[in-house]
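# Observations on the model geometry
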2 protein chains.
Amino acid sequence: MSSGLLRLGLQLCPARRVSCHGAWRKHYSAQSGALEKAIAAFRSVSGDDGVSTGSAVREQHGRDESVHRCRPPDAVVFPRCVEEVSALAKICHQHRLPIIPFGTGTGLEGGVGAVKGGVCFSLRKMDQVLDLHPEDFDVTVEPGVTRKALNAYLRDTGLWFPVDPGADASLCGMAATSASGTNAVRYGTMRENVLNLEVVLADGKIIHTAGKGRRPRKTAAGYNLTNLFVGSEGTLGILTKTTLRLYGIPESMVSAVCSFPSVQAAVDSTVQVLQSGVPIARIEFLDDVMIGACNHFNSLSYPVLPTLFLEFHGSSRSLEEQVNVTEEITRENGGSDFAWAEDEETRSRLWKARHDAWYAALALRPGCKAYATDVCVPISRLPQVIVETKEDLIRNNLIGPIAGHVGDGNFHCIMVLNPDDPDEVQRVHEFTDRLARRALSVDGTCTGEHGVGLGKRNLLQEELCPHTMEVMQGIKATLDPNNIMNPGKIL
Amino acid sequence: MSSGLLRLGLQLCPARRVSCHGAWRKHYSAQSGALEKAIAAFRSVSGDDGVSTGSAVREQHGRDESVHRCRPPDAVVFPRCVEEVSALAKICHQHRLPIIPFGTGTGLEGGVGAVKGGVCFSLRKMDQVLDLHPEDFDVTVEPGVTRKALNAYLRDTGLWFPVDPGADASLCGMAATSASGTNAVRYGTMRENVLNLEVVLADGKIIHTAGKGRRPRKTAAGYNLTNLFVGSEGTLGILTKTTLRLYGIPESMVSAVCSFPSVQAAVDSTVQVLQSGVPIARIEFLDDVMIGACNHFNSLSYPVLPTLFLEFHGSSRSLEEQVNVTEEITRENGGSDFAWAEDEETRSRLWKARHDAWYAALALRPGCKAYATDVCVPISRLPQVIVETKEDLIRNNLIGPIAGHVGDGNFHCIMVLNPDDPDEVQRVHEFTDRLARRALSVDGTCTGEHGVGLGKRNLLQEELCPHTMEVMQGIKATLDPNNIMNPGKIL
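What you see is a predicted model; the values in this text were computed from it and never measured.

This part is about the overall build of chain A. Helix and strand counts for chain A come out as 19 helices and 18 strands. Radius of gyration (C-alpha) of chain A: 23 Å, near the 23 Å computed for a compact globule of 491 residues. In terms of overall dimensions, chain A has C-alpha extents of about 70 × 60 × 45 Å along its principal axes. Each of the 491 residues in chain A was classed as buried or not, and the buried ones make up 63%. Intrachain contacts of chain A at a sequence separation of at least 6 include 72% that bridge at least 24 residues. As displayed, chain A has an accessible area near 16,600 Å², and 49% of this comes from carbon and sulfur atoms. One finds the centroid of the 50 positive side-chain charges in chain A at a distance of 8 Å from the centroid of its 57 negative side-chain charges.

Hydrogen bonds along the backbone pair up the strands of a sheet, which may run parallel or antiparallel. All names here are of chain B. On the basis of which strands lie adjacent, the open sheet formed by 4 strands has the order E1-E2-E4-E3 and mixed pairing. Of all strands in the sheet, those bounded by a partner on one side alone are strand E1 (51-52) and strand E3 (99-102). Strand direction decides the pairing type here: E1 and strand E2 (residues 75-77), joined by 2 bridges, are antiparallel. By the bridge assignment, Val 51 is partnered in E2 with Val 77. Here helix H5 (residues 82-95) sits on the sheet in contact with E2, E3 and strand E4 (119-122), set at roughly 175° to E4.

The subject of this paragraph is the interface of chain B and chain A. Each side of the interface is counted separately: chain B has 84 residues, and chain A has 83 residues. Where chain B abuts chain A, roughly 6,700 Å² becomes buried across the two surfaces, and 57% of that area is made up of carbon and sulfur atoms. Together, B:Arg214, B:Lys218 and B:Tyr223 form the three largest contributors to the area buried by chain B at its contact with chain A, with a combined 14%. Summed over the shared surface of chain B and chain A, the result is 10 salt bridges. At the junction of chain B with chain A, the criterion picks out 29 residue pairs in polar contact (both at pLDDT 80 or more). Broken down by element, the residue count for the side of chain B that touches chain A peaks at 10 residues, all from helix H19 (residues 466-479) of chain B. Residue classes in the side of chain B that touches chain A are distributed as 30 nonpolar, 32 polar and 22 charged.

For the rest of this paragraph, the subject is the relation of the copies chain B and chain A. The operation linking the two copies of the chain is a rotation about an axis combined with a translation along the axis. Note on the identical chains: chain B maps onto chain A by a rotation of 180° and an axial translation of 0.0 Å, with an RMSD of 0.0 Å. Here the symmetry operator amounts to a two-fold rotation axis. Taken together, the interface assignments show that 99% of the residues at the interface of chain B recur at the interface of chain A, consistent with an identical surface on both copies.

Looking now at the packing of helix H13 (residues 316-332) of chain A against helix H13 (residues 316-332) of chain B. Geometry of a packed helix pair, given as the angle between the helix axes and the separation of the axes. Contact pair H13(A) / H13(B): the axes reach a minimum separation of 10 Å and the direction vectors enclose 170°. In terms of their interaxial angle, H13(A) and H13(B) are classed as roughly antiparallel. Counting all contacts with H13(A), which are made through A:Arg317, A:Ser318, A:Glu320 and A:Glu321, the residues of H13(B) involved are B:Arg317, B:Ser318, B:Glu320 and B:Glu321. Among the residues forming the contact of H13(A) with H13(B), the class breakdown is no nonpolar, 2 polar and 6 charged.

What follows concerns the confidence of the model for chain A. The predicted model of chain A averages 92 in pLDDT, with 93% of residues at 70 or higher. A low-confidence stretch, residues 1-30 of chain A stays under pLDDT 50, and its non-local contacts, those more than four residues away or across chains, total 69 contacts.

With that settled, consider the domain arrangement of chain A. A common way to report how large an interface is uses the accessible area buried once the components associate. All names here are of chain A. Parsing chain A into structural domains produces domain 1 (4-122), domain 2 (129-248), domain 3 (252-357) and domain 4 (361-456). For the pairing of domain 2 and domain 4, the buried interface totals around 540 Å² over both sides, and the portion due to carbon and sulfur atoms is 41%. Area buried by domain 2 at its contact with domain 4 is led by Gly 181, Val 185 and Glu 233, which between them contribute 56% of it. If you look at where domain 2 meets domain 4, you find 4 residue pairs in polar contact (both at pLDDT 80 or more). Its residues placed into classes, the side of domain 2 that touches domain 4 shows 3 nonpolar, 5 polar and 1 charged.

UniProt's feature table lists "domain: FAD-binding PCMH-type" (unreviewed entry) at residues 69-249 of chain A, given in the numbering used throughout. Helix makes up 22% of residues 69-249 of chain A and strand makes up 23%, while its end C-alpha atoms are separated by 40 Å.

Ranked by size, the top nonpolar core spans 84 residues in total, and within it A:Leu150, A:Met190, B:Leu150 and B:Met190 carry the most contacts. Excluding residues within four positions of it along the chain, A:Met190 makes contact with A:Phe161, A:Val163, A:Leu171, A:Met174, A:Ala175, A:Ser178, A:Ala179, A:Val230 and A:Leu244.

Right, let's get into the side chain of B:Glu321. Along the chain, B:Glu321 falls in helix H13. One buried charged side chain, B:Glu321, makes no salt bridge at all; its nearest oppositely charged neighbour is A:Arg317, positioned 5.1 Å away. Of note is the side chain of B:Glu321, whose polar atom sits 2.4 Å from the side chain of A:Ser315. With sequence-adjacent residues up to four places away left out, B:Glu321 is seen in contact with A:Ser315, A:Arg317 and A:Ser318.

What follows covers the packing of aromatic side chains. All names here are of chain A. Applying the stated criterion across every chain, the model contains 10 aromatic pairs over all chains. A network of ring pairs unites the aromatic residues Trp 160, Tyr 187 and Tyr 247 as a single cluster. The ring of Trp 351 is capped by Arg 282, whose NZ or CZ atom sits 4.6 Å from the centre of that ring.

Inspection of the secondary structure puts A:Glu198 in strand E8 (residues 194-200). Separated by 2.7 Å, the side chains of A:Glu198 and A:Thr240 make a polar contact.

This part takes up unusual backbone geometry. Residue and element names in this part refer to chain A. Of note in the backbone geometry, Ile 490 takes a positive phi value of approximately 65° without being a glycine. Inspection of the secondary structure puts Ile 490 in the segment after helix H19 (466-479). Judged by its relative accessible area of 0%, Ile 490 falls in the buried class.

Residues and elements named next belong to chain A. Overall, mixed pairing links the 4 strands, which are arranged E1-E2-E4-E3 in an open sheet. The strands lining the two open edges of the sheet, one partner per strand, are strand E1 (51-52) and strand E3 (99-102). Summarising the sheet, E3 and strand E4 (residues 119-122) pair through 4 bridges and their orientation is parallel. Residue pairing for E4: Phe 102 is matched across the bridge by Ser 122. Along the sheet face, helix H5 (residues 82-95) touches strand E2 (75-77), E3 and E4 and points at about 175° away from the line of E4.

Residues and elements named next belong to chain A. Listed in full, the buried residues belonging to helix H12 (residues 288-298) are Met 290, Ile 291, Ala 293, Cys 294 and Asn 295. Against strand E13 (282-286), strand E14 (307-314), helix H14 (344-355), helix H15 (357-362), strand E17 (402-405) and strand E18 (410-417) lie the buried residues of H12. Just beyond H12, the residue with positive phi is Ser 299, at close to 50°.

Once that is clear, we can look at the pattern of salt bridges. Residue and element names in this part refer to chain B. Scanning the model with the defined rule gives 59 salt bridges over all chains in all. Residue Arg 434 is joined to Asp 392 by a salt bridge in which the shortest nitrogen-to-oxygen separation is 2.8 Å. Linking Arg 434 in helix H17 (residues 422-441) with Asp 392 in helix H16 (residues 382-395), this pair joins segments that are 42 residues apart in sequence. Assessed through its relative accessible area of 0%, Asp 392 is described here as buried.

With that settled, consider H5(B). Residues three or four positions apart in an α-helix share a direction because the helix packs 3.6 residues into each turn. All names here are of chain B. Counted at 1.5 Å a residue, the expected span for H5 with its 14 residues is 20 Å, and the 20 Å between its end C-alpha atoms agrees. Taken as a whole, H5 has its buried residues at Val 82, Glu 84, Val 85, Ser 86, Leu 88, Ala 89, Ile 91, Cys 92 and His 95. Downstream of H5 by one or two residues, Arg 96 has phi in the positive range, about 55°.

The rules we used
Residues numbered from 1 in each chain as written. Chains lettered and ligands numbered in written order. Predicted model: local features only at pLDDT ≥ 70, side-chain atom pairs only at ≥ 80, totals over all residues. Heavy atoms only, no water. Helix = DSSP H or I, 4+ residues; strand = E, 2+ residues; numbered from the N terminus. Rg over C-alpha atoms; globule rule 2.2 N^0.38 Å. Buried < 20%, exposed > 50% of the residue type's maximum accessible area, 1.4 Å probe, protein only. Contact = heavy atoms within 4.5 Å. Areas by Shrake-Rupley, 256 points an atom, 1.4 Å probe, with all protein chains shown as cover. Lys, Arg positive; Asp, Glu negative; His and termini not counted. Charge placed at Lys NZ, Arg CZ, Asp CG, Glu CD. Pairing = 2+ DSSP bridges. Axes fitted to C-alpha atoms, helices over the stretch in contact; angles between N-to-C directions. Buried area = accessible area lost by both parts, 1.4 Å probe. Salt bridge = Lys/Arg side-chain N within 4 Å of Asp/Glu carboxyl O. Polar contact = N/O pair within 3.5 Å; in protein donor to acceptor, adjacent residues only side chain to side chain. Nonpolar A, V, L, I, M, F, W, Y, C, P; charged D, E, K, R; others polar. Least-squares fit on C-alpha atoms with pLDDT ≥ 70 in both. Parallel < 35°, antiparallel > 145°, perpendicular 65-115°, else oblique. pLDDT = per-residue confidence, 0-100. Domains from an automatic or database assignment. UniProt positions renumbered as here; feature names shortened; annotations may be inferred. Core = buried A, V, L, I, M, F, W, Y, C linked by side-chain atoms within 4.5 Å. Phe/Tyr/Trp six-rings, centres within 6.5 Å; stacked < 30°, edge-to-face > 60°. Lys NZ or Arg CZ within 6 Å of the ring centre and 35° of its normal. Expected span 1.5 Å × (residues − 1).

Written out as structure tokens, the structure reads:
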């Protein structure tokens, strides 16, 4: 069964080196009549500066941050409001042109690649925070608003939006990919934090998943369409607005670093911290290879051992208790004394090191590419899966430092590989498939937060029963009968 | 527009007094060939004692705890395993007979009424707790397992399942109706606590929404089918297994009662407690009428004033801090001193009083029936909506004590009415529609947790945009093309 990197054609056509132009021309001429007519219609809707067919712009919109090779769209449109998105979608619908929604291009599974050509909808011009209700802890934003932009906007309100995948992704993009990240153990993922979505469907119709403008904390009003579109990766519609839950900024936050003699000791500590009821805000695992890379990249000097990065949120008194319980647990498991980060600057430096893991890994082999695995397993199975995975890496002479949201049972091997070495690409491909199957064999999933995108479609079929896949295909066919919404992804 | 109680035919055919027999005979003879063949086939699958067509059994399965009149099915089957559910469903599919799943019959929106006849699938014989993973905080149960049965099973593990709608409902029934209740402000609703579902579809196929046996805490593997089936009220399939999140039983719990000079003061206190970040476990509002009824029904002597019932969960130290912050807030809003309930017996008595609200309300007018409204609004709008609603009740001479999960913005008027008085039924009907529209006018929903069922289908259309309804109808048609899954509900 083909899978992973091989499916991406990486060994045939390494990223960055592909010439987008030839592919585009071929596609363009094949359906030039429809495309030309559509582009003329786009211009009448969005003006000349709202439509681009220049190769640089198309290339920029044909790839995300993953190894998946550039698959440029035939055109990029830059709508300014939902009515414009709808009008443009109707043109695509009429001409059966694929629609690929684009937020910030920070995805990790090739979700923005125009594998069947078509039109990229860049939503960056729709960047307004629309409705903030501080007393109700909710806000509605347009799709161009990023996580950091929202939190900057909220700065003086005492509120924040905690879901943090690392990248400064757009919030609708995060909803589309069911993103989560380091804070999910405490605040949940996008699934738990989206209250409502405005969506433009494949035929240009506009819907509001929970009714227009509605924002109750709870609802039992019909099918949960909100959570059907969260994680649908642009294959069911274009998210043009999201209403999000907000949280009060905690009175105090403190971070700490603790190293362990073994992976097992670090994960055992995590399990016990969760069992003890400590409402820990972040608990991130980095293996010895990852810590070494972070030390080098960020000029730090943490012991090169399995390590937990921790963060506690709460009142000063509650923090004291949380920290005491956690320290007792880590000490019993042979953990080091905590290295503290209390003031905001030190905390930021610490978490920057964690969030730079991707670049720190890449710096291990300059000129190489990175691909992140994303399995998620029941936490009791985590030590076994991580230990076996590290043995597998060593056995196959592969570089894949591990960073993980261990509180959720989710971890990433950041595979650093030379895309021009077919043998290495093959070994990485086989490794990622083995890792996914290791997770599946212990009741886990091949993707905890990055999504299926292009690279995990075969693994998804192994993970789900055929009848479950049929239900997903049925829903896709109902909402997008012509298969124009981000075709070639998920299913 | 017809709605609410009128739609239920209550004034024409009061509950309990309807003769189910005539309706059944008529239906039976209309399609007797198919039904007789199906019943014979059921018997070959389930044996004689697995199928019932007796009128008492059918009547018992044709109603829930609401005012909705009895709509008995043509037959009731009692499958013992998922394969049997599947075989029986295939027979219904073949003969185009409606399928109505039945848990404990504790719903409040007429969800089990066989409005088009058909076959009730009583799932009470499937009552096993199947897979408990204490270290992963998850468990899988069959559909006959109730909330209390699960918590009794878990007693020695230090774990519990906190979602608590009051009734001892089956957990799959709670998933089917997206139930929540008093603990939702802290622990979420069924939407946040179901990890996986086994579902028998309308054609008898068996699916697992997150893949068979899978139970990662997070997943981004394809469409979120789990949350499509949660809240689908039996209209998309029969839930035959659910995997649930569990929580550690808190080290300490303490409950308190506090009365206020006004509704505004009680709700303001709630908002401020939430804003202060106190992780309160329950915060329940009872208006003066409700408190009076509870006093009378449970021989209590709380002041007859707007009241909050509170519960705090955590370590002893954390409880102290939570209580201090909350007391300070309630005192500033003119609240009384807290009446405490610390030991388990006193706490149980207090919460029994809250959970008996339904019966306490009914006891206000012996011989009458009750109907609970269920609006949910952004919390900042709650004081206005409750005050206007109380004025509306008084103006129309209606009895509707109010109990609410104010932390979520969700409250119930327990309307106590004489079903034989058409004028009163009409006034209640008009009141419930006004209340729902009042909620809709402030960005809320007509149903926070009871579901749409029979009675709120028209309100759902007002709440959602037509295109959103079309998407729901499309999904229904895809999964149930012959409309045999609990027809006449939601859509």
